[in-house]
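If you want the building blocks of each chain, they are given just below.
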Amino acid sequence: MKFSGTITVQAPRAQVYKALRDARLFASCVEGVGELAETGPDAYSALFETKVAYMKFAFKVAVEVVRADEPREIEAKIEGTPLGIVGRLTATSLTRLSEMGGGTRIDYDVEASLTGKLGSLGQPVLRSKAKELERQFAARLGAAFAAPASGGASAP
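Remember, predicted model here, so these are calculated numbers, not experimental data. (Residues numbered from 1 in each chain as written. Predicted model: local features only at pLDDT ≥ 70, side-chain atom pairs only at ≥ 80, totals over all residues. Heavy atoms only, no water.)

### Considerations on the nonpolar core
As a reminder, the rule being used: Joining through side-chain atoms within 4.5 Å is the link that ties buried Ala, Val, Leu, Ile, Met, Phe, Trp, Tyr and Cys residues into a set, and such a set is a nonpolar core. Burial here depends on accessible area, computed with a 1.4 Å probe over protein chains only, as a share of the maximum for the residue type. Under 20% is buried, over 50% is exposed, and the range in between is partly exposed. Helix and strand definitions follow DSSP, with helices as H or I runs of at least four residues and strands as E runs of at least two, each counted in order from the N terminus.
Judged by nonpolar contacts, the single largest core of 32 residues is most densely connected at V9, V16, L20, I106, L141 and F145. Sorting the residues of this core by element identifies strand 1 (2-9), helix 1 (13-21), strand 3 (43-52), strand 4 (55-69), strand 5 (73-82), strand 6 (87-100), strand 7 (103-115) and helix 4 (123-145) as the ones contributing at least two each. In terms of nonpolar packing, the next biggest core, distinct from the first, is built from five residues, A27, L36, Y44 and A46 among them.

Shown next, in the form of structure tokens:
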């Protein structure tokens with residue numbers, strides 16, 4: 001199953017790239033991510049909890065950045081094991097950044113494979129969930145770059 005999308009952030013490409021490579025900031029932009037830990041160079045583990053349709057899922061996730069071409073592309077491999085049910089999530093993601101006026105356009109492609117109970121939900125339900133996660137991520141990432149109201153610290 002393939003998911004693609006575009007997000008626009010009002011910040012310079014180099015700054016957006018650094019933010020996306022900051023695992024803590026990235027994780028803070030994804031609803032349901034907790035217990036983030038660095039497991040090696042460019043490798044992380046986390047707990048991801050979400051609700052899809054009428055079911056709640058928790059995954060132990062491992063993410064490895066397999067290629068990083070600053071400030072243009074980031075490629076990652078994701079593997080997740082759902083807690084409490086049989087199944088597996090494997091995915092690869094490619095994120096491309098390009099300059100767009102004073103901001104940055106983020107194009108992403110995710111190729112995912114789901115087995116077990118989650119895989120049986122069907123593509124329309126999973127695509128809807130992916131779009132919901134994209135909207136939340138875009139809003140949080142945009143907020144991370146918004147100018148502070150009190151003129152305090154600068155964006156990441």
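### Quick word on the pattern of salt bridges
For clarity, the threshold we go by: Think of a salt bridge as a Lys or Arg side-chain nitrogen and an Asp or Glu carboxyl oxygen that are within 4 Å of each other.
Going through the model one piece at a time under the given rule, you end up with 13 salt bridges. Of the charged contacts in the structure, one is a salt bridge between R105 and D107, with a shortest N-O distance of 2.9 Å. Its relative accessible area of 33% is what places R105 among the partly exposed residues. Accessibility expressed as a relative area gives 14% for D107, which makes it buried. Because the salt bridges share partners, they merge into one network encompassing R67, E73 and E75.

### Digging into the packing of aromatic side chains
Counted only if it meets this: For Phe, Tyr and Trp, where Trp contributes only its six-membered ring, two rings pair if their centres lie within 6.5 Å, and the inter-plane angle classes them as stacked under 30 degrees, edge-to-face over 60, or tilted in between.
The final tally for this structure, using the stated rule, is two aromatic pairs. Between F26 and F137, the aromatic rings sit 5.1 Å apart at their centres with planes inclined by 50 degrees, giving tilted as the arrangement. In this pair, F26 is assigned in helix 2 (residues 23-28) and F137 in helix 4, connecting sequence segments 111 residues apart. You can call F137 buried: its relative accessible area is 12%.

### Some details on the sheet that holds strand 3
This is how it is decided: When DSSP locates at least two bridges between a pair of strands, those strands are taken to pair. As a rule, the C-alpha atoms of each element are fitted with a line to give its axis, helices using only the stretch in contact, and angles between N-to-C directions run from 0 to 180 degrees. Here, residues are in contact when the closest pair of their heavy atoms is within 4.5 Å.
The seven strands are arranged 1-7-6-5-4-3-2 in an open sheet whose pairing can be described as antiparallel. Of all strands in the sheet, those bounded by a partner on one side alone are strand 1 and strand 2 (33-40). Recorded for the sheet is a direction-independent mean angle of 25 degrees between the axes of neighbouring strands. Of the strands in this sheet, strand 1, strand 4, strand 5, strand 6 and strand 7 are in contact with helix 1, which crosses strand 6 at around 165 degrees.

### Quick look at unusual backbone geometry
Residues E70 and P71 are joined by a peptide bond in cis, for which omega reads -5 degrees. With respect to the secondary-structure elements, P71 resides in the loop between strand 4 and strand 5. Positioned with a positive phi, E35 is a non-glycine residue whose angle comes to about 55 degrees. If you trace the backbone, E35 turns up in strand 2. With a phi close to 60 degrees, D42 is a non-glycine residue in the positive phi region. For D42, a relative accessible area of 28% puts it in the partly exposed group.

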